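# Topology and contacts: notes
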Amino acid sequence: MDKIRIRGGRPLSGIIAISGAKNAALPLMAAGLLTDDRLVLTNVPHLHDIGTMRRLLAQHGITVEPVDAEGRVLALGGAITNTMAPYEIVTEMRASILVLGPLMARCREAQVSLPGGCGIGSRPIDLHLKGLEQMGAVFRLDGGYVHGSAPQGLKGATIVLPFASVGATENILLAATLADGRTVLSNAAQEPEITDLCDCLVAMGARISGIGTGTITVDGVPRLHGATHAIVPDRIETGTYACAAAITGGDVFLRHGRIDHLGAVVRSLGECGVEVTPGEGGFSVRRVNRLIGIDVITEPYPGFPTDMQAQFMAMLSVAEGASMITETIFDNRFMHVEELKRLGARINYHGASAIVRGVPRLSGAQVMATDLRASFCLVLAGLAAGGETTIGGLHHLDRGYETPAEKLAACGADIERVSG
């Protein structure tokens with residue numbers, strides 16, 4: 001099993017190119033189920049989860065083929081031949097549930113295994129099901145599968161989400177594009193990845209208004225057609241490498257990084273004493289003095305993203321003074337704390353809050369990744385630690401970060417991926 005080995009203490013310097021966003025690519029690929037025409041996606045990242053979604057769509061009869069030599073452009077097309085999403089694939093990735101809405105809209109039935117993914121607490125799909133039920137779907141749970149039917153087809157509805165769930169917003173949006181009538185979705189999630197999905201759906205012929213706001217209106221159409229769409233750059237990867245520059249005292253330019261998608265993260269970096277400067281085609285991140293401890297509370301977009309919580313915890317573990325991190329989105333998302341403590345971090349947590357007391361320097365150790373974002377949190381800690389750090393559990397890292405060791409090594413990090 002592969003591991004990453006890091007000899008820390010080197011400031012990063014150089015350019016890191018940001019890849020397409022995983023969290024945008026997956027729902028966009030699910031949108032391929034909404035038409036028999038050809039949907040072409042560009043700026044596709046090379047990630048394990050993309051491969052998982054390709055296999056899942058193939059189960060439904062949708063071919064996903066690379067158009068270019070590098071596989072950055074994928075063409076999706078074909079007729080739906082199967083409405084079952086099997087356990088063997090769905091359990092690998094929570095985003096697999098996003099095929100439910102399109103299948104119900106196109107085929108009026110679906111059988112989808114309950115999803116898997118990172119073990120970061122309870123993330124039920126009840127909001128997905130309740131929204132689709134309001135549109136006329138009927139569901140039952142049997143044998144670990146959600147069995148859905150809509151004999152009369154989906155109908156437009158007014159749906160109010162109790163909280164701004166990203167996945168539920170995406171599933172309802174996908175289904176509503178082909179529903180009969182108007183769907184009004186209130187308290188919708190507002191993440192840039194949802195705006196990206198809406199933009200692609202509009203290019204496919206969907207009628208959507210309120211894009212980028214908390215109230216999205218969709219007027220269903222009889223059919224959608226093909227389109228070509230460029231996937232937005234990954235804001236979480238961008239924020240992660242910004243933390244890498246900060247924790248090492250480096251100076252890095254993040255090419256393709258969208259500073260306008262990272263308002264809360266950029267503000268928090270500034271409070272920590274990190275300079276963020278917009279530039280042509282991206283922005284630079286630079287730290288000269290020691291980091292300053294701050295308080296962070298995760299919130300739905302445009303608040304501080306839960307997917308940056310672990311990375312900031314690593315960074316704040318070497319900041320001056322004490323910091324408090326409060327996680328309000330997911331429970332059980334502090335599993336990385338014990339691994340950071342193996343590297344010498346001083347962290348105590350109770351319930352949804354963690355107190356981080358900065359130390360002058362971390363020390364290398366053997367650690368194990370527990371989920372996707374926690375995996376890179378350990379990479380960040382290793383970059384700042386004295387001595388050698390070895391990180392296992394890289395299957396988590398591979399789900400969301402493209403060639404991280406190569407990108408960091410190109411900026412001067414002593415890092416390599418090794419077998420065994």
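Residues numbered from 1 in each chain as written. Predicted model: local features only at pLDDT ≥ 70, side-chain atom pairs only at ≥ 80, totals over all residues. Heavy atoms only, no water.

### Focus on the overall build of the protein chain
Counting secondary structure elements, the protein chain contains 14 helices and 24 strands. Its C-alpha atoms give the protein chain a radius of gyration of 21 Å, within 12% of the compact-globule value 22 Å for 420 residues. Judged by the C-alpha coordinates and their principal axes, the protein chain covers about 65 × 45 × 40 Å. If you take every contact in the protein chain between residues at least 6 apart in sequence, the share linking residues at least 24 apart comes to 73%. Carbon together with sulfur atoms contributes 50% to the accessible area of the protein chain, which is approximately 15600 Å² in total. Positive and negative side-chain charges of the protein chain, numbering 36 and 42 respectively, have mean locations separated by a distance of 2 Å. (Helix = DSSP H or I, 4+ residues; strand = E, 2+ residues; numbered from the N terminus. Rg over C-alpha atoms; globule rule 2.2 N^0.38 Å. Contact = heavy atoms within 4.5 Å. Areas by Shrake-Rupley, 256 points an atom, 1.4 Å probe, with all protein chains shown as cover. Lys, Arg positive; Asp, Glu negative; His and termini not counted. Charge placed at Lys NZ, Arg CZ, Asp CG, Glu CD.)

### Structural notes on the environment of glycine 210
One can find glycine 210 in the loop between strand S12 (207–209) and strand S13 (215–219). A C-alpha to C-alpha distance of 29 Å links glycine 210 and glycine 400, two positions 190 residues apart in sequence. Discounting residues that sit within four places of it in the chain, glycine 210 has contacts with Thr215 and Ile216.

### Quick look at the sheet that holds S13
The strand order S10-S11-S13-S12 describes an open sheet built from four strands, whose pairing is mixed. With partners counted over all chains shown, the strands left at the sheet margins are strand S10 (158–160) and S12, one partner each. Taken pair by pair, the neighbouring strands of this sheet meet at an average axis angle of 15°, ignoring direction. Pairing geometry for S10 and strand S11 (residues 182–186), over three bridges, is parallel. Its bridge partner lying in S11, valine 160 is registered against serine 186. (Pairing = 2+ DSSP bridges. Axes fitted to C-alpha atoms, helices over the stretch in contact; angles between N-to-C directions.)

### Notes on the confidence of the model for the protein chain
Of the residues in the protein chain, 98% have a pLDDT of 70 or more, and the chain-wide mean is 95. pLDDT under 50 marks residues 117–123. Its contacts with residues more than four places away, or in other chains, come to 22 contacts. (pLDDT = per-residue confidence, 0-100.)

### Notes on the nonpolar core
One recurring pattern in soluble globular proteins is that nonpolar side chains are buried together. Counting 77 residues, the largest nonpolar core has Met29, Leu76, Leu100, Met135, Leu154 and Leu201 as the members making the most contacts within it. When residues no more than four places from it in sequence are discounted, the contact partners of methionine 29 are Leu41, Ile50, Met53, Arg54, Leu57, Val64, Leu74 and Leu76. Membership of the second largest hydrophobic core comes to 70 residues, among which are Ala244, Leu372, Ala385 and Leu408. (Core = buried A, V, L, I, M, F, W, Y, C linked by side-chain atoms within 4.5 Å. Buried < 20%, exposed > 50% of the residue type's maximum accessible area, 1.4 Å probe, protein only.)

### Here's the deal with the side chain of threonine 177
With respect to the element layout, threonine 177 can be found in the loop between helix H6 (166–176) and S11. Taking the relative accessible area as the measure of exposure, threonine 177 reaches 0% and is therefore buried.

### Examining the sheet that holds strand S4 (residues 63–66)
Read from one edge of the open sheet, four strands run S4-S5-S3-S14, paired in mixed fashion. For this open sheet the edge positions go to S4 and strand S14 (227–230), each flanked by a neighbour on one side alone. Here the average twist between neighbouring strands, direction ignored, is 20°. Here S4 runs beside strand S5 (residues 74–77); their pairing, made up of four bridges, is antiparallel. Bridge pairing in S5 places threonine 63 opposite glycine 77.

### A word on the pairing of strand S19 (residues 322–326)
Alignment of strand S18 (residues 295–297) against S19, held across three bridges, turns out to be parallel. Within S19, the residue paired with aspartate 295 across the bridge is methionine 324. Sheet topology places S19 next to strand S21 (residues 353–357); five bridges connect them, and they run antiparallel. Within S21, the residue paired with isoleucine 325 across the bridge is alanine 354.

### Observations concerning the packing of aromatic side chains
Counted by the stated rule, this structure contains four aromatic pairs. Each ring, one from phenylalanine 304 and one from phenylalanine 312, has its centre 4.9 Å from the other, and the planes form 85°; the classification is edge-to-face. Here the two residues phenylalanine 304 and phenylalanine 312 agree in accessibility, since each one is buried. Look at phenylalanine 376 and tyrosine 401: their rings are 4.6 Å apart centre to centre, the planes differ by 50°, and that puts the pair in the tilted class. Highlighted residues: phenylalanine 376 in helix H12 (residues 372–384) and tyrosine 401 in the loop between helix H13 (394–400) and helix H14 (404–409), separated in sequence by 25 residues. Among the aromatic residues, those joined into a cluster by ring pairs are Tyr241, Phe376 and Tyr401. (Phe/Tyr/Trp six-rings, centres within 6.5 Å; stacked < 30°, edge-to-face > 60°.)

### Topic: the pairing of strand S23 (residues 388–392)
With respect to burial, S23 is a largely interior element, four of its five residues being buried. Sheet analysis places strand S1 (residues 3–7) next to S23, joined by four bridges and oriented antiparallel. Bridging across to S23, isoleucine 6 finds its partner in threonine 389. In the sheet, strand S22 (residues 366–368) pairs with S23 via three bridges, with the strands oriented parallel.

### Digging into the side chain of histidine 229
Relative to the helices and strands, histidine 229 is located in strand S14. Here the side chain of histidine 229 touches aspartate 196 through a polar contact of 2.9 Å, side chain to side chain. Ignoring anything within four residues of it in the chain, the contact list for histidine 229 reads Leu28, Val40, Leu41, Thr42, Asp196, Asp199 and Cys200. (Polar contact = N/O pair within 3.5 Å; in protein donor to acceptor, adjacent residues only side chain to side chain.)

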